[in-house]
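Breakdown of the fold
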Amino acid sequence: MEIKIGVQNVGREIVLESAQDAETVAKVVGEAINEGSELRLKDDKGRLIIVPGNALAYVEIGAEEVRRVGFGQF
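Throughout this document, residue positions are counted from 1 along each chain, in the order its sequence is written. Reporting in this predicted model follows two pLDDT cut-offs: at least 70 for local features of residues, and 80 or more for side-chain atom pairs to be given and counted; totals over whole chains, interfaces and linings ignore these cut-offs and use all residues. Side-chain metrics in this entry use all non-hydrogen atoms of the structure; hydrogen atoms and water are not considered.

1. Quick notes on the nonpolar core
For the record, the criterion: Nonpolar cores were defined as sets of buried Ala, Val, Leu, Ile, Met, Phe, Trp, Tyr and Cys residues, with membership established by side-chain atoms within 4.5 Å. Only protein chains enter the accessibility calculation, which uses a 1.4 Å probe. A residue is then buried if its area is under 20% of the maximum for its type, exposed if over 50%, and partly exposed in between. Counting from the N terminus, the helices are DSSP H or I runs at least four residues long and the strands are E runs at least two residues long. In this analysis, two residues are considered to be in contact whenever any of their non-hydrogen atoms come within 4.5 Å of each other.
One finds Ile3, Ile5, Leu16, Leu39, Leu41 and Val51 to be the most contacted residues of the largest nonpolar core, which totals 14 residues. At the level of secondary structure, the elements contributing two or more residues to this core comprise strand E1 (2-7), helix H1 (22-35), strand E3 (38-42) and strand E4 (48-52). Beyond its immediate sequence surroundings of up to four residues, Leu16 is in contact with Met1, Glu2, Ile3, Ile5, Leu41, Lys42, Asp43 and Ile49.

The structure is reproduced here in structure tokens:
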């Protein structure tokens, strides 16, 4: 799923693809905001993205979808 992270006073957003489900991501984001700790997320390529929780402007969690392979319609 696609996750977009907005950081305060930064013009560009951070965009990553993650295999984590929406509930898990929402829980981690909520904890980072409430505790003022860092937000740590891993993307599909294994990279670790760390953002200070007190610098978060917004987090957009995309809808989970099953990726289809091929050109046919199902």
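Having seen it, we continue.
2. Focus on the pattern of salt bridges
In plain terms, the rule: Put simply, a salt bridge is a Lys or Arg side-chain nitrogen that is within 4 Å of an Asp or Glu carboxyl oxygen.
All told, the structure shown has 2 salt bridges when counted by the stated rule. Of the charged contacts in the structure, one is a salt bridge between Glu38 and Arg40, with a shortest N-O distance of 2.6 Å. Arg40 sits in the partly exposed class, given a relative accessible area of 43%. The partner of Asp43 in a salt bridge is Arg47, and the shortest N-O contact between them spans 2.7 Å. For Asp43, a relative accessible area of 8% corresponds to the buried category.

3. Some words on the sheet that holds strand E5 (residues 56-61)
Stated formally: Here the rule is simple: two strands pair whenever DSSP picks up at least two bridges between them. An axis is simply a line fitted to the C-alpha atoms; with a helix, the fit covers only the stretch in contact. Between two such axes, the angle follows the N-to-C directions and lies from 0 to 180 degrees.
Strand order across the open sheet formed by 3 strands is E2-E1-E5, with antiparallel pairing between neighbours. Two strands lie at the open edges of the sheet, namely strand E2 (14-17) and E5, each paired on one side alone. Sheet twist, expressed as the average angle between the axes of neighbouring strands with direction ignored, equals 15°. Two elements, E1 and E2, share 4 bridges in a ladder whose sense is antiparallel. When the sheet's bridge partners are listed, Ile5 is paired in E2 with Ile14. Where H1 meets the sheet, it contacts E1 and E5, and its direction lies at approximately 170° from that of E5.

4. Considering the side chain of Ser18
Quick note on the threshold: Under the rule applied, a polar contact is a pair of N or O atoms within 3.5 Å (in protein, one hydrogen donor and one hydrogen acceptor; residues adjacent in sequence only if both atoms are side-chain atoms).
With respect to the helices and strands, Ser18 occurs in the loop between E2 and H1. Within the structure, the side chain of Ser18 is placed 3.1 Å from the backbone nitrogen of Gln20, a separation counted as a polar contact. Within polar-contact distance, the side chain of Ser18 engages the backbone oxygen of Lys42 at 3.3 Å. Filtering out sequence-adjacent residues up to four positions away, Ser18 remains in contact with Met1, Ile3, Lys42, Asp43 and Asp44.

5. Some points on the side chain of Asp43
Checked against the element boundaries, Asp43 lands in the loop between E3 and E4. There is a polar contact of 3.1 Å between the side chain of Asp43 and the backbone nitrogen of Gly46. The contacts of Asp43, once residues within four sequence positions are left out, are Leu16, Glu17, Ser18 and Ile49.

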